[in-house]
Amino acid sequence: MAKAVGVEARWRRSIILPALDHSAESGAKSEAIREIAKKPHLHPTGKEVHISERTLWRWIAALNERGVGGLARQPREDRNVKKVLIFRLWDEAVEFDEATRGAICDRLNEYIGGLYAKGFTRRQLQLLAKTELERCTRAAGCALPPDKLKAICHVPIAFIRRHRHKRIIYRKDNDAKRFSDTERPRTPRTREGLEPMSMVCADVHHFDVIMQRDDGSVFTPKLIAFQDLHNNRIFGDLVFPPQGTFVCRRDVNLAFIRMTQHPQWGLPALVLVDNGKEFGHFDFIDDAMTLAQRARVEFSAGLVGDHPDAVARMKELYAARRKAIIRSLPYNAAAKPIEGTFGNLERYVFSHMPGHIGGNRMRQKSANVGRAPKPFPGGPDEFRRAFTTAIEFYHSLPQQGALAGKSPRQAFEDAIARGWQRIDVDPIALAEVFSEPVSCTVRQGAVKIKKRLYEAPELYRLISGTKLRAHLPLDETEERVALIGEDGFYCFVTPVERKHILDIKGAKNGARRSAEQNEVLAQMRSEIDPSIDPMEEIRRAIPGGPALIPPSGGVIELDKHAEAIADERRKLPKPQAKSGLSVNRKAEFWRQLDSGVLPEPTADNSHDAQELTQGAAATRVKKGGVG
């Protein structure tokens, strides 16, 4: 600002300089000013201007009074001073004191800011603010007639626009995608030091190309894409979903496995995905990716071995990354470079494919105005061939930015020339890592997994209630499900076929399973020591020696009536003992008696034997006498 003022002052001095050589009393000074006023002058802004004699005399007076600084434009004394509080007519018509006026203005500012935060437009706010100003003015005691009050309560657009910045609150609360695209702070990123497959970005893209199913319905194919952030190559797996279905976890997992088995790709070290459900199982492969990270670090260190600082920085970056699966925040497309690549592919490559309808589904392309868009002429096989051609063309296009004018193919081939090697992984093992884990419980030699019963002979060795974890395979045609126990893999189980209640095969199947169970239990029994005696083991576990008897601490006295009854009971004679023969001894007595052998009475059983003998004789008399 100071530089601009100096230029203006020097220019004005140069204009009046011819008149400064004459004295103020001489007519030559006035003549010189008239000559200056007749000519156009080139202003520092580049415009030609004419200057009046009065202005020239004023400039000369300012120069004589304050020097060259007096020729500069002087700021207004009332600069930045509000001359109108709300609206000029309102300010002049209402007879409120300054405090009341300020309170109404503050309320109106608060009201407009709140409505901006709720998403109202400027025109809507002008109407609502006018109504609020009328209400506040009337509430403050204004006695103007309604029509007069309505005329002065106008809120200018400039007053309303002061609060437009508060609309960001509405965008934050109601439009997360737009807020992320336009308002979220960004951190500049660089891909310096990356090698092929050091980091891969994955996402699902809906093609802007329509196809037609056999039933006549139209749809857009889905692309499960992986972008190598070193060279921007794209690996794509196409999905043609039936009507009413979408891309699921299984589709994404299979696409990732196919990428790892491609001879030009392999297993990446890091994968950047979004928070979509279709990428929910990617956390299962984190351990495998960590191993790939270590291999990438050693390989990359070999490439830049002449630069120790670069090696240390690379190892530090990988060590700081705790997980190999990186998930971007929701509605954060800018964090995934593949989103921009999708836009470029649709704009410059896929737009040449037949059936392309553009990104705006509500706006038909000009070639199809008034008519339905023409679908792609062909089926899935033809579309795959067209897609492969389009991707190869994209890989051949030079790109700016991280590639600095190279094409993705050229950048990849340069890395191979430097010695880059892919990292391979067993596809079957990787598929098992991606398999869906489901908890199950053993019941009657089988487990129920997702409402379906599975069996295996190994399950007969487990008691009901044992907890296992089943891993459902990615291949839907594979019926064998792996079970994982506490010690790792336990067995494979197969589905149990349901039989009709009248089908004889159901009984045969039950008999077969019972026989298998008996065979397994017999084998388990053979593994047990038969010499184990439970009672002997119990006796061995009891501590030796007699149990200790504590000394008496005294006898307590109870109720006096209870004590008297106890004394009298102790004087009574002991009751005669009943038969002491046990059930087994009685049965043995009867067997001896039936065989004609009379048991020998002893001191212990003489009374019992006499009683049993008399009872036996009476029984035989009733049956027909003693033989």
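Our structure is the block above this text.
Residues numbered from 1 in each chain as written. Predicted model: local features only at pLDDT ≥ 70, side-chain atom pairs only at ≥ 80, totals over all residues. Heavy atoms only, no water.

**With respect to the overall build of the chain**
Counting its regular elements, the chain contains 22 helices and 15 strands. The contacts in the chain between residues at least 6 apart in sequence include a share of 63% that link residues at least 24 apart. With an accessible surface of roughly 41,200 Å², the chain has 54% of that area assigned to carbon and sulfur atoms. (Helix = DSSP H or I, 4+ residues; strand = E, 2+ residues; numbered from the N terminus. Contact = heavy atoms within 4.5 Å. Areas by Shrake-Rupley, 256 points an atom, 1.4 Å probe, with all protein chains shown as cover.)

**Re the pattern of salt bridges**
For the structure on display, the rule yields 26 salt bridges. One salt bridge in this structure joins Arg480 and Glu478, with 2.7 Å as the shortest N-O distance. With a closest N to O distance of 2.9 Å, Arg512 and Glu516 form a salt bridge. Of this pair, Arg512 and Glu516 both sit in helix 18 (residues 504-526), 4 residues apart, roughly one helical turn. Where salt bridges share partners, they join Glu455, Arg512, Arg513 and Glu516 into one cluster. (Salt bridge = Lys/Arg side-chain N within 4 Å of Asp/Glu carboxyl O.)

**What about the pairing of strand 12 (residues 452-455)?**
Here strand 11 (residues 446-449) pairs with strand 12 via 4 bridges, running antiparallel. Bridge pairing in strand 12 links Val447 to Tyr454. In this structure, the hairpin formed by strand 11 and strand 12 is closed by a connection of 2 residues, where Lys450 is found at a positive phi of approximately 50°. As defined by bridge partners, strand 12 adjoins strand 15 (residues 488-495) across 2 bridges and the pair is classed as antiparallel. Note on strand 15: the bridge partner recorded for Glu455 is Thr494. (Pairing = 2+ DSSP bridges.)

**Focus on the side chain of Glu455**
Among the structural elements, Glu455 can be located in strand 12. Overall, Glu455 belongs to the buried group, its relative accessible area being 14%. A distance of 3.3 Å separates a polar atom in the side chain of Glu455 from a polar atom in the side chain of Arg512. A distance of 3.0 Å separates a polar atom in the side chain of Glu455 from a polar atom in the side chain of Arg513. (Buried < 20%, exposed > 50% of the residue type's maximum accessible area, 1.4 Å probe, protein only. Polar contact = N/O pair within 3.5 Å; in protein donor to acceptor, adjacent residues only side chain to side chain.)

**As for the side chain of His356**
Note on placement: His356 falls in the loop between helix 14 (337-348) and helix 15 (380-395). Here His356 falls in the buried class, since its relative accessible area comes to 9%. Side-chain polar atoms of His356 contact the side chain of Glu346, separated by 3.0 Å.

**Some remarks on the packing of helix 5 (residues 98-117) against helix 6 (residues 122-139)**
Two elements in contact, helix 5 and helix 6, have axes separated by 10 Å at closest approach and are oriented at 150°. Between helix 5 and helix 6, the interaxial angle falls into the category roughly antiparallel. Along this stretch, helix 5 crosses helix 6, giving a crossing that reads as right-handed. Touching Ile104, Arg107, Leu108, Tyr111, Ile112, Leu115 and Tyr116 of helix 5 are Arg122, Leu125, Leu128, Ala129, Glu132, Leu133, Arg135, Cys136 and Thr137, all from helix 6. Of the residues assigned to the contact of helix 5 with helix 6, the class counts are 11 nonpolar, 1 polar and 4 charged. (Axes fitted to C-alpha atoms, helices over the stretch in contact; angles between N-to-C directions. Parallel < 35°, antiparallel > 145°, perpendicular 65-115°, else oblique. Left-handed = near helix turned anticlockwise from the far one by under 90°. Nonpolar A, V, L, I, M, F, W, Y, C, P; charged D, E, K, R; others polar.)

**Examining a positive patch on the surface**
A cluster of like positive charges, contributed by Arg122, Arg123, Arg161 and Arg164, occupies part of the molecular surface. Within the secondary structure, Arg123 sits in helix 6. (Patch = residues over 30% accessible without salt bridge, like charges linked within 9 Å, V, L, I, M, F, W, Y side chains within 5 Å. Lys, Arg positive; Asp, Glu negative; His and termini not counted. Charge placed at Lys NZ, Arg CZ, Asp CG, Glu CD.)

**Observations regarding the sheet that holds strand 15**
Think of a sheet as strands paired side by side through backbone hydrogen bonds, with each pair either parallel or antiparallel. A barrel is described by the order of its strands in space; here 6 strands give the closed sequence 10-11-12-15-14-13, paired in antiparallel fashion. Sheet twist, expressed as the mean angle between neighbouring strand axes with direction ignored, is 40°.

**Observations regarding the nonpolar core**
Among soluble globular proteins, nonpolar side chains are generally buried collectively. Formed by 27 residues in total, the largest nonpolar core has its most connected members in Ile224, Phe226, Phe256 and Met259. Mapped onto this core, the elements with two or more residues apiece are strand 3 (200-206), strand 6 (222-228), strand 7 (233-239), helix 11 (249-261), strand 8 (271-273), helix 16 (408-417) and helix 17 (427-434). If one sorts the elements of this core by residue count, helix 11 sits on top with 6 residues. Setting aside chain neighbours within four positions, we find Ile224 in contact with Asp203, Val204, Phe235, Gly236, Asp237, Val239, Val247, Asp251, Val252 and Ala255. (Core = buried A, V, L, I, M, F, W, Y, C linked by side-chain atoms within 4.5 Å.)

**Structural notes on a nonpolar patch on the surface**
The grouping of Met535, Ile538 and Ile542 at the surface amounts to a nonpolar patch, some 290 Å² of accessible area in total. In this fold, Met535 is placed in helix 19 (residues 534-541).

**What to know about the packing of aromatic side chains**
Counted according to the given criterion, the structure contains 11 aromatic pairs. Here Trp11 and Trp59 contribute two aromatic rings whose centre-to-centre distance is 6.1 Å and whose plane-to-plane angle is 70°, an arrangement assigned as edge-to-face. Taken as a pair, Trp11 in helix 1 (residues 2-16) and Trp59 in helix 3 (residues 53-66) lie far apart in primary sequence, 48 residues in all. Per residue, the accessibility class of Trp11 equals that of Trp59, and both read buried. Through successive ring pairs, a cluster of aromatic residues spans Phe207, Phe240, Phe350, Phe376, Phe383 and Phe387. Geometry around Trp265 places Arg233 over its ring, the cationic atom sitting 4.1 Å from the centre. One Lys or Arg, Arg233, reaches over the ring of Phe412 and ends 3.7 Å from the middle of that ring. (Phe/Tyr/Trp six-rings, centres within 6.5 Å; stacked < 30°, edge-to-face > 60°. Lys NZ or Arg CZ within 6 Å of the ring centre and 35° of its normal.)

**Examining the pairing of strand 11**
Pairing geometry for strand 10 (residues 436-443) and strand 11, over 2 bridges, is antiparallel. Within strand 11, the residue paired with Val442 across the bridge is Val447. Joining the antiparallel neighbours strand 10 and strand 11 is a turn of 2 residues, in which Gln444 adopts a positive phi near 55°.

**A few points about unusual backbone geometry**
Non-glycine residue Asn232 carries a positive phi angle of around 65°. Tracing the backbone through its elements, the reader meets Asn232 in the loop between strand 6 and strand 7. Within the chain, Ala404 stands out as a residue other than glycine whose phi angle is a positive 55°.

**Some thoughts on the packing of helix 11 against helix 17**
Where helix 11 meets helix 17, the axes come as close as 10 Å, and the angle between the chain directions of the two elements is 155°. By the criterion of interaxial angle, the relationship of helix 11 to helix 17 is roughly antiparallel. In the crossing of helix 11 with helix 17, the sense of the turn from one axis to the other is right-handed. Where helix 11 abuts helix 17, its residues Asn253, Phe256, Ile257, Thr260 and Gln261 lie against Pro427, Leu430, Ala431 and Phe434. Residue composition of the contact of helix 11 with helix 17, by class: 6 nonpolar, 3 polar and no charged.

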